[in-house]
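Architecture and fold: a report
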Amino acid sequence: MCDRPITERSNQLTASVDVASPTDIVSLLQKCDTEIFQGWDQDGNGYKSLHSEEILQRINSVSEVAATLLQDPLNNAIVLSGCGTSGRLAFMVSRSFNRHLEQQGKPMCYYYSIAGGDKALFTSQEAPEDDPLHGRNVLKEIVRDKRRVLFLGISCGLSAPFVAGQLDYCMDHLDVFVPVLIGFNPTEQARDIPVEKWNKTFLGVTKRLEDLARLGHGYIINPVVGPEPITGSSRMKGGTATKMILDVIFTQAHQHLGILKPSAILRTYELVNSAVYSQSTAIAALLEAAGKSLSAGGHIYYLGTDSLGIVGMIHLWSFFSV
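Residues numbered from 1 in each chain as written. Predicted model: local features only at pLDDT ≥ 70, side-chain atom pairs only at ≥ 80, totals over all residues. Heavy atoms only, no water.

Here's the deal with the environment of Leu13
Tracing the chain through its elements places Leu13 in the segment before helix H1 (22-38). The sequence separation of Leu13 and Ile114 amounts to 101 residues, and the corresponding C-alpha distance is 32 Å. (Helix = DSSP H or I, 4+ residues; strand = E, 2+ residues; numbered from the N terminus.)

The structure is reproduced here in structure tokens:
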């Protein structure tokens, strides 16, 4: 059994990706992406998948909290927070659902927090990611004067001190906050390394939240989707799973619950995934063209408007700011 957290391991499915043809690369990525929906359990420990009943119930419970807070968006807040790719997704999702509220003539209720501030939407900001006290102070500033706050801290590897500091602050003030941790490792694999100028670890924060979750005072949503297709890469599968989970939570909340169940919304993502890979020949041709361009000293440009432009921005910096 490997001692490394699952999100940081090599994925056996893509072991040959560096010598594969463009067509084979697409095929390998498809197999790897399938693990997002079907789960990963090569350790034989019965890890929870995205479709496991326990994970779906937690998603549904968080949706219920969000729906309640959305009834008074002026005095309540929903905060999404993360570092790097996770923070960029927090920005994207909060922007999208605030627009939905705006179309209904309601004030915004969604806020995002990214380690390093808005500059981190475009470039890597590693120092703030390692500062739990900075994370706490950023959160305090966002939610001042709010009566109730749903906080969703995103850390794919259960490792970001910035997010840990925010979760810890939430747990100190349960009269205001409902803390939620989203990640893709089993809780026992949360990082257990001392943080500079702090007397806590991410593992310690996670265990505390586990205890509170048993009492109904918080939630941990951590389906195991397996190692990334490219070891050490930014969050490819983790980013996809994060976006799906957030969309399911808030789509259900905005539809006043019960109209679409989390499992039904997730099934639509599976259909989209299948539709994308049905175009594998075209994707492989694009991949080959991109490789030739870079080999010849050329460039790859991302063009898009609105949310699609943001997706391009997230993809660009997720790969080239590390």
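Picking up after the structure, the text goes on.
Here we look at helix H3 (residues 85-103)
With 19 residues, H3 extends 27 Å from end C-alpha to end C-alpha; this agrees with the ideal 27 Å at 1.5 Å per step. Just downstream of H3 lies Gly105, where phi reads positive at about 75°. (Expected span 1.5 Å × (residues − 1).)

Quick look at the pattern of salt bridges
Scanning all chains against the criterion turns up 13 salt bridges. In this structure, the salt-bridge partner of Glu288 is Lys292, at a minimum N-O distance of 3.8 Å. Here Glu288 and its partner Lys292 are both found in helix H10 (residues 280-295), 4 residues apart, which amounts to about one turn of the helix. Under the relative-accessibility criterion, Glu288 is labelled partly exposed at 39%. By relative accessible area, which is 56% here, Lys292 ends up exposed. (Salt bridge = Lys/Arg side-chain N within 4 Å of Asp/Glu carboxyl O. Buried < 20%, exposed > 50% of the residue type's maximum accessible area, 1.4 Å probe, protein only.)

Thoughts on unusual backbone geometry
With a phi close to 75°, Asp145 is a non-glycine residue in the positive phi region. By secondary structure assignment, the location of Asp145 is in the loop between helix H5 (132-143) and strand S3 (148-154). The class of Asp145 is exposed, set by a relative accessible area of 74%.

With respect to the side chain of Ser81
Structurally, Ser81 is set in strand S1 (residues 76-82). One polar contact links Ser81 to Ser113, side chain to side chain, over a distance of 3.3 Å. For Ser81, the side chain forms a polar contact with the side chain of Gln166, separated by 2.6 Å. (Polar contact = N/O pair within 3.5 Å; in protein donor to acceptor, adjacent residues only side chain to side chain.)

Re the pairing of S3
Burial analysis of S3 places 6 of its 7 residues in the buried class, the great majority of the element. The sheet contact formed by S1 and S3 spans 7 bridges and is parallel. Residue pairing across strands places Asn76 opposite Arg148, the latter belonging to S3. Two elements, S3 and strand S4 (residues 177-182), share 6 bridges in a ladder whose sense is parallel. (Pairing = 2+ DSSP bridges.)

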